[in-house]
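This is what each chain is made of:
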Amino acid sequence: MIIQKTAEEIELMRESALLVSKTLGMIATEIKPGVTTLQLDKLAEQFIRDHQAVPGFLGLYGCPSTLLTSVNEQVVHGLPTSRPIEEGDIVSVDCGVLKNEFYGDHAYTFEIGDVAPATKKLLQITKESLYVGIREFKIGNRVEDVGNAIQKYTEAHGYGVVRELVGHGLGRVMHEAPEMPNYGKKGRGKLFLEGMVVAIEPMINMGSRNIKTLKDGWTIVTADKKPSAHFEHNVALVNGKPELLSTFAYIYKALGIESNEEDEFRQKPLVL
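Per chain, residue numbering runs from 1 following the sequence as it is written. Reporting of local features is limited, given that this is a predicted model, to residues whose pLDDT is at least 70; pairs of side-chain atoms are given and counted only at 80 or more, and all residues count toward the totals for whole chains, interfaces and linings. Only hydrogens and water are set aside; all other atoms, that is, all heavy atoms of the structure, feed into the side-chain values.

*Asks:* In this structure, what is going on with the nonpolar core? I would like to understand it.
*Replies:* Side chains of nonpolar character tend, in soluble globular proteins, to be buried together. The criterion is simple. A nonpolar core is a set of buried Ala, Val, Leu, Ile, Met, Phe, Trp, Tyr and Cys residues joined through side-chain atoms within 4.5 Å. Only protein chains enter the accessibility calculation, which uses a 1.4 Å probe. A residue is then buried if its area is under 20% of the maximum for its type, exposed if over 50%, and partly exposed in between. Core analysis: the biggest nonpolar cluster contains 53 residues, and I27, I31, F110, F137 and I200 have the highest contact counts within it. If near-sequence neighbours (up to four positions away) are discounted, I200 is found in contact with L130, I134, F137, V146, I150, M180, F231, E232, H233 and V235. Listed in part, the 14 residues of the second largest apolar core include M13, A17, L79 and V197. Whether two residues are in contact is decided by their heavy atoms, any of which lying within 4.5 Å being enough.

Now the structure itself:
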């Protein structure tokens, strides 16, 4: 069942989402060659607790970490390790928090130093597909309208769209209805309702869409060992239109990137 949120609940969820955004912004200042994802995980846990919130992933379904850090061919759910990050890597950092009794949950794939042009293109198209999907999250549309838009956009560039892992509704629990696949047929799936909040998160592979799980039971990798990218936002349906609750602005501020990509999805300007 889709749980519609009140305007007050959506503002509480915005606070939760923005704390994830701030955490990812902090990570952006720390993620570099030589740093381990275990070190980043400790920094993130402390940062979240310092902001009077609880890491949303830690202990959830038995998850042993605050961050899920997926490097290169790792798609999602990568557990932090003591392996140093290297020049040319890409690292998806997925983070969740529990604040005000609501969850925030989103992700960004970072480029580490000088990344191969083909990999940079994968990240660019995957992030663009996130916004292509968000545009379809509106009154009158259905779940698979979002997935269809993401699928068409990314497959047009020859990429593989992961099927086994999907976005989801978000609220007082991390995973609510509906599931939000990144593929589908227009006009199918649950009808979108005012006040619903979802996590939209394309997971796109440079090669085949096929994946497998490593022996740790968590880390998902591409079957062909080619790179994978992952970007995720939290979005509410407000006045019939998509309203971003999360932002990459803290990341961009840390990295010196100028962008107006999120402006069309805010009914009020974001104040950092």
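*Asks:* So what exactly am I meant to see when it comes to the sheet that holds strand β14 (residues 233–238) here?
*Replies:* As a general point, the strands of a sheet are linked pairwise by backbone hydrogen bonds and lie either parallel or antiparallel. Should DSSP find at least two bridges between two strands, the strands are taken to pair. By the criteria applied, helices consist of DSSP H or I runs no shorter than four residues and strands consist of E runs no shorter than two, each listed in order from the N terminus. Strand order in the open sheet made by the five strands is β8-β7-β9-β14-β15, with antiparallel pairing throughout. Two strands in the sheet have a free side with no partner beyond their single neighbour: β8 (176–180) and β15 (241–244). Ignoring strand direction, the axes of neighbouring strands in this sheet form an average angle of 30°. Sheet topology note: the β14/β15 ladder contains four bridges and is antiparallel. Among the inter-strand pairings, V235 is bridged to a residue of β15, identified as L244. Along the sheet, helix α3 (residues 117–134) makes contact with β9 (197–200), β14 and β15, crossing β14 at roughly 15°. Axis definition: a line fit to C-alpha positions, over the contact stretch in the case of helices; interaxial angles, taken between N-to-C directions, run 0 to 180 degrees. Across the sheet, helix α4 (residues 143–155) is in contact with β8 and β9; its angle to β8 comes to roughly 35°.

*Asks:* Would you mind showing me how to read the pattern of salt bridges here?
*Replies:* Note that side chains of opposite charge can pair when their charged atoms are close. Within this document, salt bridges are pairs made up of a side-chain nitrogen of Lys or Arg and a carboxyl oxygen of Asp or Glu, the two lying within 4 Å of each other. Considering all chains together, one arrives at 14 salt bridges under this definition. Between R83 and D89 there is a salt bridge; the shortest N-O distance is 3.2 Å. Using a relative accessible area of 36% as the deciding quantity, one classes R83 as partly exposed. Using a relative accessible area of 6% as the deciding quantity, one classes D89 as buried. The residue E264 makes a salt bridge to R135 at a minimum N-O spacing of 2.9 Å.

*Asks:* Help me out: how do you make sense of the pairing of β14 in this one?
*Replies:* Each regular strand shows side chains that alternate between the opposite faces of the sheet. When you tally the buried positions in β14, you get five out of six residues, the bulk of the element. Here β14 folds back onto β15 in antiparallel fashion, the turn holding two residues, of which N239 has a positive phi close to 55°.

*Asks:* Would you explain the sheet that holds strand β3 (residues 74–76) in this entry?
*Replies:* In space, the three strands of this open sheet follow the order β3-β12-β11, with antiparallel pairing throughout. The open sheet terminates on both sides in strands that have one partner only, identified here as β3 and β11 (211–213). The sheet shows a mean angle of 40° between the axes of neighbouring strands, direction not considered. In this sheet, strand β12 (residues 220–222) lies alongside β11 in antiparallel orientation, the contact comprising three bridges. Paired with K212 across the two strands is V221, which belongs to β12.

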